[in-house]
Amino acid sequence: MPNRYFRVALVGNPNCGKTTIFNYLTGTHQHVGNYSGVTVERKSGYCRLDSGKTVEIIDLPGVYSLSAGSPEERVAFEELVTGDIDLILNVIDAGNAQRNLYLSTQLAELEIPMLLDFNMIDDAEQRGLRFDFEKFQHFLGSPIVATSGVSGRGLPELKRKLLELAETATPRLPIKPKYGPKIMQAIAELSPRIAAVKTAGLARLSERSIAIKLLENDPLVCERPEFAPLLPEVADWRERIAIRNGIGSEALMADCRYGLIAGACREAISVSHDGRRQLSNLIDQVVTNRFFGVPIFLLIMYLVFYFAFTVGEYPIHWMEYGISAIAAGVDALWPAAAGEFLRRLIVEGIIGGVGGVLVFLPNIVLLFAAIAFLEGTGYMARAAFVMDGFMHIFGLHGKSFIPMILGIGCSVPAVMATRTIESGRDRLITILALPFMSCSARLPIYVLLTQAFFSEHQAAVTMLMYLIGAAVSLGAARVMKSTLFRGDGEVFVMELPPYRLPTLQSILIQMWERAVMYLHKAGTLILTASIIMFLLNSFPVNPTAERNFSAAAAQLERAPLSVEARNIQLSRLKAQRNAAMLEYSAAGRLGKVLTVVLRPAGFDWRTSSALVGAVAGKELFVAQLAVLYSIESSDSAAGLEHLLTALRSDYTPLQGFSVMLFCLLSMPCLATVAVVRRETNSWRWPLFQVVMFTLIAYVIALAFYQIGLQITGI
C-alpha cells in the first residue's frame, strides 16, 4: 500500500487467545494507550513479514458481537468502519467455534477481507474435536489457518497467509448471511435512501450494513442525526417483519446467523471422543458443588500461601545474606574521611531501606506463580462461579470477584479489570471496595510481622489477613449497595473453560513480569521514599545525644575490656545514640504527633512514622522500619534478623496484629488513588475512598487492640 502500512484489525471474543497471537506477530514493537473518551485500552504494533513487508496490527478489545452494547463493542465497531482497515484477522477459540463464529458473521457484513484463525487448536483436538477447514471455507468464504499460541503450531503459516493476503490485489470477501425474503426486501428498499444521506463518517460501511444496523435498532447507527428522517420508515419495516415472522427483525437476523453457523459446524466439525469434557464435568461436580466449592477454594488458597512461604523461606535467607554482604562490603571499603553522612545514606538509607523490601521478592514471585498456575488450569473461572452466589449476598456478582482476585496482585490492574462489568453502578462499587483486598505491596508487612510474632503459624495468620480484607471489602460493598447505590443486581453469566495444564513458559513469563514490576517499583518509588525517609530520620541532629555518645565511647576506650566486650558495649552505645537521634528527628516528631491518635490502636512513634512512607506504597512501611532500626556497624547489615529481634523486643503480638490490620485496611497507595481518579473521571470517589479506608482501618484496629488488652490483661 503506498504511503502507509497494510493495516490488520485483530478481532475476537474475550479469552480466545488473541493477546498471544498479537504478541507473536508484534513482539516488542507495541504501543499501548486508551481510546479517546473511554477507558478501553488501545494496543497496536508492527509485524515484519518474510518478504520484508511491514503490516500494522491493531488489537481491538475482546467482544462477543458488534451490537454496540458496551464501550468495547463501540470502540471495535468505530475502528473497523473508520480506521481504514485492509484485513480483519478474526481469532476464534477452536474449542468454542459455534459461539465465536457469531461475531464472524457480523464481521462479514462489513465487506472487509477476513482471515479466520482457529486458535487453541491443540486444546480442541485433545477434547476430541476434528475440523474440515475446506468445508468451513466453503460456508464462510474466508481463508482459514489453525494455530496454537501455546505450542506455536501454525504460527508461521499465519504469517505466510498474512503476506499472501497483503499482496493480493483483490482478496475474496467473506460470505454474508441470508436473512429471508422480508428482511432482504427491507434492505433493498432502505439502501438507496441510506446512500442519499450517508456521510463521510460511515463511507467504509455499505448501505446493506447500515440497513441491517437500523433494522437491529443498533444505537451506534440509529443515534446518528443523518439517519433520523429514516427512522419512521425503519420502525415500520420492523413492525411488518415482526408480524410476518412472529419475532422481531433483530431476533430473526440472529436466528439466521446461528442457522448458518450451526450448518457449517455440523458439516465441518466432528467429535471423535469427549473423554476430556467428561473428566472436566466430573471435576466440576466437586469443585463447583454448592456445599464443597467454598471450602475447597479456601483450602486451595491456604495451600497457595503455604507454598509461597515454605518454598520462599530459603531464597529470602539468600537475599538477606546477599544484601547484608553488600552493605558490609560498602561499609568496609568506605574511606574513613570520605563523608560519614554519605556513607550512612548509602548503607542505611538506600541499601537498608530498599533491601528491607527486596528480601520479600521470593514470596511475591512464588505467590504469583501459584495464582498463574490456577488461572492457567481454568480453576479461577470456577472460583468466580462458586463465589457468585456468595457475592450476591453483598450486592455483587461473579464478575466483581475476578478483579478482587487480581487485587491480590496489585490494586491498579484490578481497578482497570472492572471494565468488564457492564453495570456502571456495580463497577463503581467494585472499584471503591476492592483495594481492601490484600495486594502484593502489603505482603512484606505480613511476612515481617508474622515472622516476628507468629512464626509457627505464618501461613495461617497471613491467610487470615487476606480473609479479613475480603470480608471488609464485601461488607463495604454491601453497605454501599444498600445506601449510595441502590438498585437490582445483574445476572452473571460465565463460560467455564475445560481444564488445561498450563505451560511452564506461561507461568515463568508471569513470574518474570511481576518480578520486573516489583523491582521497577523498588528502583524508583521505594528508592526515592527511602532516601526521603532517611533524611527525615537524620535531621535535625540531636547535639546532646552526639555529645553523650562521644563521651561514653571515649570512656569505653579507656576501660580495661577485651576487644570483643568493647565492641559489644560500643554497639549498644550506638544503638542508644541512634534511638535518641531518631526520636529527635523530623520523622520521630511526626510519628509522635500521629501517636497521639494511633497509640490506642497499638502504635508507637516508630510504627506511626513508618505509616508516613506507606502512603506512597504499602511496602514502604517495612523499608521505613528497616531504616528506623538500623545501627552503625557492619553487623547492622544483617537486616532482617536484626529487625525481627528489635520488633520482638519493642512490641507484643497483639500490637503486631493490630498494626497489620491497620496497614491492611488503611488508605490505598497513591498509584491506586490515581488510577481510580482516571477510571471514574472524578476526584470525588478517590477522595471518598481515602477517607473511608482510613476511618475503617482506625476503628477496626482500635477495637481489636482495646478488646485484646481487656482479654489478655496486659
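Described in the following lines is the structure provided in the data block. Quick caveat: nothing in here was measured; it's all calculated off a predicted structure.

## Observations regarding the overall build of the protein
Of regular secondary structure, the protein possesses 31 helices and nine strands. Within the span of the protein, comprising 714 residues, buried residues form 53% of the whole. Restricting to contacts in the protein with at least 6 residues of sequence separation, those with at least 24 account for 75%. Only carbon and sulfur atoms are counted for the fraction: they give 62% of the accessible area of the protein, which is about 31200 Å².

## Notes on the nonpolar core
If you look at the biggest cluster of nonpolar residues, it comprises 95 residues, and the most contacted ones within it are Leu-367, Phe-621, Leu-625 and Leu-647. Here this core gets 11 residues from one element, more than from any other, and that element is helix H21 (residues 458-482). Leaving out residues up to four positions away in the same chain, Leu-625 has contacts with Leu-448, Arg-606, Ala-610, Leu-643 and Leu-647. Counting 61 residues, the second-largest nonpolar core is a separate cluster that includes Met-114, Phe-118, Phe-227 and Trp-237.

## Overview of the pairing of strand E4 (residues 54-59)
The element E4 is extensively covered by neighbouring structure, given that six of its six residues are classed as buried. A two-sided burial pattern is seen for E4, the buried positions comprising Thr-54, Glu-56 and Ile-58 on one face and Val-55, Ile-57 and Asp-59 on the other. Bridging between strand E1 (residues 6-12) and E4 involves five bridges; their strand directions are parallel. Paired with Ala-9 across the bridge in E4 is Ile-58.

## Things to note about the side chain of Ser-209
For Ser-209, the position within the fold is in helix H8 (residues 207-215). Given the relative accessible area of 4%, Ser-209 is considered buried. A polar contact of 2.3 Å, which involves the side chain of Ser-209, links it to the backbone oxygen of Glu-109. Ignoring sequence-local partners within four residues, the contact set of Ser-209 consists of Glu-109 and Leu-110.

## A closer look at the side chain of Gln-458
When you line up the elements, Gln-458 lands in helix H21. Judged by relative accessible area, which is 16%, Gln-458 ranks as buried. If sequence neighbours within four positions are ignored, Gln-458 has contacts with Phe-309, Val-447, Thr-450 and Gln-451.

## Regarding the packing of helix H13 (residues 293-333) against helix H15 (residues 361-377)
As a packed pair, H13 and H15 sit with axes 7 Å apart at the nearest point and diverge in direction by 145 degrees. Relative to H15, H13 is oriented so that their crossing is right-handed. Residues Ile-300, Val-304, Phe-305, Phe-307, Ala-308, Phe-309, Val-311, Gly-312, Pro-315, Ile-316 and Met-319 of H13 touch H15, and the partners they reach there are Leu-361, Pro-362, Asn-363, Leu-366, Leu-367, Ala-370 and Leu-374. Of the residues belonging to the contact of H13 with H15, the class tally is 16 nonpolar, two polar and no charged.

## Observations concerning the packing of aromatic side chains
Taken as a whole and assessed by the stated rule, the structure comprises 16 aromatic pairs. Between Tyr-446 and Tyr-466, the ring centres sit 5.9 Å apart and the planes meet at 70 degrees, which makes this aromatic pair edge-to-face. Of the two residues, Tyr-446 is situated in helix H20 (residues 443-453) and Tyr-466 in helix H21; the sequence distance between them amounts to 20 residues. One aromatic cluster is present, formed by Phe-118, Phe-131, Phe-133 and Phe-136 through successive ring pairs. A cation over an aromatic ring shows up here: Lys-159 above the ring of Tyr-24, its NZ or CZ 5.5 Å from the ring centre.

## Observations concerning the pattern of salt bridges
All chains considered together, the criterion is met by 18 salt bridges. One salt-bridge network, in which partners are shared between bridges, spans Asp-122, Glu-125 and Arg-153.

## Section: the packing of helix H7 (residues 181-197) against helix H10 (residues 231-245)
Helices that pack against each other are described as a pair by the angle of their axes relative to one another and the distance between those axes. Between H7 and H10, the least distance of the axes is 10 Å, while the angle of their chain directions is 170 degrees. In this view, H7 runs roughly antiparallel relative to H10, as classed from their interaxial angle. Contacts between H7 and H10 involve Lys-182, Ile-183, Gln-185, Ala-186, Glu-189, Leu-190 and Arg-193 from the former and Glu-233, Val-234, Trp-237, Arg-240, Ile-241, Arg-244 and Asn-245 from the latter. Of the residues belonging to the contact of H7 with H10, the class tally is six nonpolar, two polar and six charged.

## A few points about the pairing of strand E6 (residues 114-119)
Most of E6 sits out of view: six of its six residues are buried. Of the two faces of E6, the one holding Met-114, Leu-116 and Phe-118 and the one holding Leu-115, Asp-117 and Asn-119 are both buried throughout. Note that strand E5 (residues 87-93) and E6 share six bridges and pair parallel. Residue pairing across strands places Leu-89 opposite Leu-115, the latter belonging to E6. A crossover connection joins E5 to the parallel E6 through helix H3 (residues 97-108); in handedness this β-α-β unit is right-handed. Two elements, E6 and strand E8 (residues 144-146), share three bridges in a ladder whose sense is parallel.

## Points about the environment of Glu-73
Checked against the element boundaries, Glu-73 lands in helix H2 (residues 71-82). When the C-alpha atoms of Glu-73 and Pro-61 are compared, they prove to be 7.8 Å apart, with 12 residues separating the residues in sequence.

## A closer look at helix H23 (residues 543-558)
Between its terminal C-alpha atoms H23 stretches 23 Å, which fits the 22 Å expected from 16 residues at 1.5 Å a residue. For H23, the full list of buried residues reads Ala-545, Phe-549, Ala-553 and Leu-556. Looking straight down H23, one finds its buried side chains confined to an arc of 65 degrees; they lie on one side. Of the exposed residues in H23, the ones pointing more than 90 degrees away from its buried face are Arg-547, Gln-555 and Arg-558. N-capping of H23 is provided by Asn-542, with a side-chain oxygen placed 3.1 Å from the backbone N of Thr-544.

## As for a nonpolar patch on the surface
A cluster of nonpolar side chains, Val-294, Leu-298, Leu-464 and Leu-467, forms an exposed patch at the surface whose accessible area comes to about 270 Å². Those elements that place two or more of their residues in the nonpolar patch are H13 and H21. Along the polypeptide, Leu-298 turns up in helix H13.

## Quick notes on unusual backbone geometry
Pro-540 follows Phe-539 through a cis peptide bond whose omega is -5 degrees. At Asn-681, a residue that is not glycine, the phi angle is positive and equals roughly 60 degrees. By the element assignment, Asn-681 lies in the loop between helix H30 (670-680) and helix H31 (684-712).

## Description of the environment of Leu-25
Here Leu-25 lies in helix H1 (residues 18-26). Each C-alpha atom of the pair Leu-25 and Ile-57 lies 8.0 Å from the other, and the pair is 32 residues apart in sequence. The contact partners of Leu-25, leaving out residues within four places of it in the chain, are Tyr-46, Cys-47, Ile-57, Leu-89, Leu-158, Lys-159 and Leu-162.

The rules we used
Residues numbered from 1 in each chain as written. Predicted model: local features only at pLDDT ≥ 70, side-chain atom pairs only at ≥ 80, totals over all residues. Heavy atoms only, no water. Helix = DSSP H or I, 4+ residues; strand = E, 2+ residues; numbered from the N terminus. Buried < 20%, exposed > 50% of the residue type's maximum accessible area, 1.4 Å probe, protein only. Contact = heavy atoms within 4.5 Å. Areas by Shrake-Rupley, 256 points an atom, 1.4 Å probe, with all protein chains shown as cover. Core = buried A, V, L, I, M, F, W, Y, C linked by side-chain atoms within 4.5 Å. Pairing = 2+ DSSP bridges. Polar contact = N/O pair within 3.5 Å; in protein donor to acceptor, adjacent residues only side chain to side chain. Axes fitted to C-alpha atoms, helices over the stretch in contact; angles between N-to-C directions. Left-handed = near helix turned anticlockwise from the far one by under 90°. Nonpolar A, V, L, I, M, F, W, Y, C, P; charged D, E, K, R; others polar. Phe/Tyr/Trp six-rings, centres within 6.5 Å; stacked < 30°, edge-to-face > 60°. Lys NZ or Arg CZ within 6 Å of the ring centre and 35° of its normal. Salt bridge = Lys/Arg side-chain N within 4 Å of Asp/Glu carboxyl O. Parallel < 35°, antiparallel > 145°, perpendicular 65-115°, else oblique. Right-handed = clockwise from strand over helix to strand, strands pointing away. Expected span 1.5 Å × (residues − 1). Arc of directions from axis to C-beta. Patch = residues over 30% accessible without salt bridge, like charges linked within 9 Å, V, L, I, M, F, W, Y side chains within 5 Å.

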